[in-house]
Each structure stands twice: as C-alpha cells, then as structure tokens.
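Fold and geometry: a report
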Amino acid sequence: MFAFNYSEGATVLSVWGIWILVFAILFRLNEITRKRKYVGFFCFVILPIILSVIWFTVLRDTTYRDWFHLAKVYSATAGCIGFWCIRHVKGKNKVTGKEWRLSEMKWALYFPPLILAINILEAVVRDFQVGMQYRGGGVLADEAMYVLGGPWNFINGIAGILNIITITGWLGICIRKDTLKDKSRDMLWPDMMWFWIIAYDLWNFAYTYNCLPGHAWYCGFALLLAPTICAFTVGKGAWLQHRAQTLALWCMFAQTFPGFIDKGAFAVTSTYNTVPLFLFSLVSLLFNIGVFIYMIYKKIKTQRNPYSSELYTNLYKYKEVKGLSE
C-alpha cells in the first residue's frame, strides 16, 4: 500500500514518528487558530500574503506552481477567511442602532457549501484527468510524480460528485456560544452528520491515493484524521471549519517546504498495487451511495428540501450540536 524510503535511511519507527508529529501539530494549530481570534486572522490573512510573495520570488524554482496546488492552497485559505468573517464580523446599523452579525445574514451562509463544493469539484476533475490522461501509468508533467490511472479514478470521481450532492442544511449554520471552557465561536453545521464526514474522508483518501500517491501518507491520512477527530471530540459540529484550517496550514507548509514530502527519509509513496487502488475507490463509492440513498429516504419521509432546510433534525447528533449554538 505505502512504500517507505529505506534507501534514504527511513525506518518504520521514524516514518510513523513523523506522521504522528504532523498529525499532532495540525491538531494543535487548529486548536490555537480556532480559539484565538487574531491568531486565526494572522494565519489565514497575513501569513498567506507574506508566503505568496516568497513562493513567486525566492522559492519560484522549488515551490509547486501547477494549477491544482495553487487552486487548493488559495481556495482553502479563502474558506478560512470566509469562515472567520462569519464567526467574528459584526457591527451596528447606523439608522436603528441595532447590532448585526454576519452569521445572521442568509446570503453569507451560502459561502460555506459553495467553497466546500468547489474544493471537492477540483479533486473530482483531477481524478477524471488522471484516469483519462495517465491510464496505464505516467509521470505528471507539472509535479514529476508517477501516477497510475485506471477505472478507480472514474469510480472515485463519481463518489465525489455524490459527496457534493449530499451536502445539506447549510442555512442552519450557526455559531457556538461562549462558555468558560470554549470561547472559539466555532462555525457549527448541525446538519453535517458524521456519516457524511466519513463519506468525505473515504472519498478524499481514495482521491489522494489515486492522484497524489507521493503525498497520500500525510495529506490523505494525517491531514484527514486531524479535523475529523477534532469534530468528534473537542470541536463538535465544526468539521468544515477544522478541515479548511488544517488544509490551508498544510498546503502553506507543503508549498514552502515541498522537499519534506517529495524527497529524503520522510518521503512516502504508493506501491501502485491496483488492488488497494480499486478497493479504496470502490469503498468510497459504496459509502457515498449509501449516504445519498439515506438522504433521499429522509427527504421523502420528512417532505423537506435538503437544500433549503435542515434534513436530519430528529437525529441525536444534530440535537447535540444544535445545543452548543447561541
């Protein structure tokens, strides 16, 4: 499934140790940026500006400059900025003197599902591209990474489309209330259920294993696990916010230090075995089909439109997250 770079001095213990370190750092940085308002502003507004100048000047010959990596880092960062604004931007109406919050503006709540769908669609396009252009194997022209295209790309691409279709209840997005233990004002999405998150994780892991085999150990494993564990524990209900923040932080790191995952003892690649390639994509598709069928079932049973109202309001996990909101 994965091949460690033993010729460069890697050992099972050292590579797993670095994986654990990457996971722990991502988890911790997400905690800091979600709980400290202005640290989040610096990390997702000021820092990307500084790094962009460095990427296109000092590091122009070493950083990733292909369309996909640039689209991913800037779309993830755009999501973080938008979510930060939804959580924290407020003001007063000059005429009435009444306080308003961006999170209360209906039009603002269309941004989270839009940026999420765009990010998924970027990867779906890449899956189809690899499946068509690199069928039988080939080196990506823009990344110097070997990929093995095949039916698994199309299977997982369809799973990604289903993952977009099953995004529901975004008009129910709300803000976490302040407590003594948590003043993060997380952006909660009660209708984004655990089964949709798992469907996303399965799809995204299969995508990275298909199209970014040299990065899947970190960005398809540690990077997916960090926001999911946070969303199921200390940061319940705010998976999308956690996902955007960890993704943006990782992409900024990878753009700045591409050698960490591409060269040396800590580089981990795929074995290019067609069995796991096919199996991961098939599991991804089957699970996403299951979520799609359940969404249709709930729509028929509740007579609710999943895109204009919340669909899973009777489920315990929905009520648990909703209870955390203002």
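Above this text you will find the structure in question.
Read on for an overview of the structure.

Analysis parameters
Residues numbered from 1 in each chain as written. Predicted model: local features only at pLDDT ≥ 70, side-chain atom pairs only at ≥ 80, totals over all residues. Heavy atoms only, no water. Helix = DSSP H or I, 4+ residues; strand = E, 2+ residues; numbered from the N terminus. Rg over C-alpha atoms; globule rule 2.2 N^0.38 Å. Buried < 20%, exposed > 50% of the residue type's maximum accessible area, 1.4 Å probe, protein only. Contact = heavy atoms within 4.5 Å. Areas by Shrake-Rupley, 256 points an atom, 1.4 Å probe, with all protein chains shown as cover. Lys, Arg positive; Asp, Glu negative; His and termini not counted. Charge placed at Lys NZ, Arg CZ, Asp CG, Glu CD. Phe/Tyr/Trp six-rings, centres within 6.5 Å; stacked < 30°, edge-to-face > 60°. Core = buried A, V, L, I, M, F, W, Y, C linked by side-chain atoms within 4.5 Å. Patch = residues over 30% accessible without salt bridge, like charges linked within 9 Å, V, L, I, M, F, W, Y side chains within 5 Å. Salt bridge = Lys/Arg side-chain N within 4 Å of Asp/Glu carboxyl O. Disulfide = S-S within 2.5 Å. Axes fitted to C-alpha atoms, helices over the stretch in contact; angles between N-to-C directions. Parallel < 35°, antiparallel > 145°, perpendicular 65-115°, else oblique. Left-handed = near helix turned anticlockwise from the far one by under 90°. Nonpolar A, V, L, I, M, F, W, Y, C, P; charged D, E, K, R; others polar.

**Focus: the overall build of the chain**
- Each helix and strand in the chain was counted, giving eleven helices and eight strands.
- Radius of gyration (C-alpha) of the chain: 20 Å, near the 20 Å computed for a compact globule of 326 residues.
- The principal-axis extent of the C-alpha atoms belonging to the chain is close to 65 × 50 × 35 Å.
- Looking at the chain as a whole, 53% of its 326 residues are labelled buried.
- Within the chain, contacts between residues at least 6 apart in sequence are counted, and of these 73% link residues at least 24 apart.
- Within the structure as shown, the chain displays about 14,800 Å² of accessible surface, and the carbon and sulfur contribution to it stands at 70%.
- Distance between charge centroids for the chain: 9 Å, based on 32 positive and 19 negative side chains.

**Regarding the packing of aromatic side chains**
- This model, assessed by the stated rule, comprises 36 aromatic pairs.
- Judged by centre distance (5.6 Å) and plane angle (65°), the rings of tryptophan 16 and tryptophan 19 are edge-to-face. Taken together, the residues span about one helical turn, with tryptophan 16 and tryptophan 19 both in helix H1 (residues 12-35) at a distance of three residues.
- Since its relative accessible area comes to 35%, tryptophan 16 is described here as partly exposed.
- On the accessibility criterion, tryptophan 19 (7% relative accessible area) is buried.
- Plain terms: the ring middles of phenylalanine 195 and tyrosine 294 are 5.4 Å apart, the flat faces sit at 90° to each other, and that makes the pair edge-to-face. Note that phenylalanine 195 is positioned in helix H6 (residues 194-211) and tyrosine 294 in helix H10 (residues 274-302), a separation of 99 residues in sequence.
- With relative accessibility at 27%, the residue tyrosine 294 sits in the partly exposed group.

**Quick look at the nonpolar core**
- Core analysis: the largest hydrophobic core is formed by 87 residues, its most contacted members being Leu116, Trp196, Trp239 and Trp250.
- Ignoring sequence-local partners within four residues, the contact set of leucine 116 consists of Ile167, Trp189, Met192, Trp196, Tyr200, Trp239 and Leu240.

**Structural notes on a nonpolar patch on the surface**
- The grouping of Tyr38, Phe41, Phe42, Ile46 and Ile50 at the surface amounts to a nonpolar patch, some 480 Å² of accessible area in total.
- Structurally, tyrosine 38 can be placed in helix H2 (residues 37-55).
- Its relative accessible area of 59% is what places tyrosine 38 among the exposed residues.

**Quick notes on the state of the cysteines**
- Applying the stated criterion across every chain yields a total of zero disulfides.
- For the unlinked cysteine cysteine 174, the closest cysteine sulfur is that of cysteine 230, found at 16 Å.
- Judged by its relative accessible area of 14%, cysteine 174 falls in the buried class.
- Unpaired in terms of disulfides, cysteine 211 finds its nearest cysteine sulfur in cysteine 219, a separation of 11 Å.

**With respect to the packing of helix H3 (residues 67-88) against helix H8 (residues 239-256)**
- At a minimum axis distance of 8 Å, the contact between H3 and H8 shows a crossing angle of 140°. With respect to each other, H3 and H8 are oriented oblique. In the packing of H3 onto H8, the handedness of the crossing is left-handed. Contacts between H3 and H8 involve His69, Leu70, Lys72, Val73, Ala76, Thr77, Cys80, Phe83 and Arg87 from the former and Leu240, Gln241, Ala244, Gln245, Leu247, Ala248, Cys251, Met252 and Gln255 from the latter.
- Taken together, the residues of the contact of H3 with H8 sort by class into eleven nonpolar, five polar and two charged.

**What to know about the environment of alanine 248**
- Its location among the elements puts alanine 248 in helix H8.
- Owing to a relative accessible area of 0%, alanine 248 belongs among the buried residues under this scheme.

**Some words on the pattern of salt bridges**
- Scanning all chains against the criterion turns up ten salt bridges.
- Close ionic contact of glutamate 31 with arginine 34 constitutes a salt bridge, the shortest N to O distance being 2.7 Å. One end of the pair, glutamate 31, and the other, arginine 34, are both in helix H1, three residues apart, so they sit about a helical turn from each other.
- Relative accessible area serves as the criterion here: at 7%, glutamate 31 is assigned to the buried category.

**Quick word on the environment of proline 276**
- By the element assignment, proline 276 lies in helix H10.
- Sequence spacing of proline 276 and isoleucine 167 is 109 residues, and the spatial spacing of their C-alpha atoms is 27 Å.

**Details of the packing of helix H7 (residues 216-232) against H8**
- In contact at an axis separation of 8 Å, H7 and H8 are set at 145° when each is read in the N-to-C sense. Classified by chirality, the crossing of H8 by H7 is right-handed. Residues Tyr218, Cys219, Leu223, Leu224, Ala226, Pro227, Thr228, Cys230 and Ala231 of H7 lie in contact with H8, whose contacting residues are Trp239, His242, Arg243, Thr246, Leu247 and Trp250.
- Split by residue class, the contact of H7 with H8 holds eleven nonpolar, three polar and one charged.

Geometry only, nothing functional implied.
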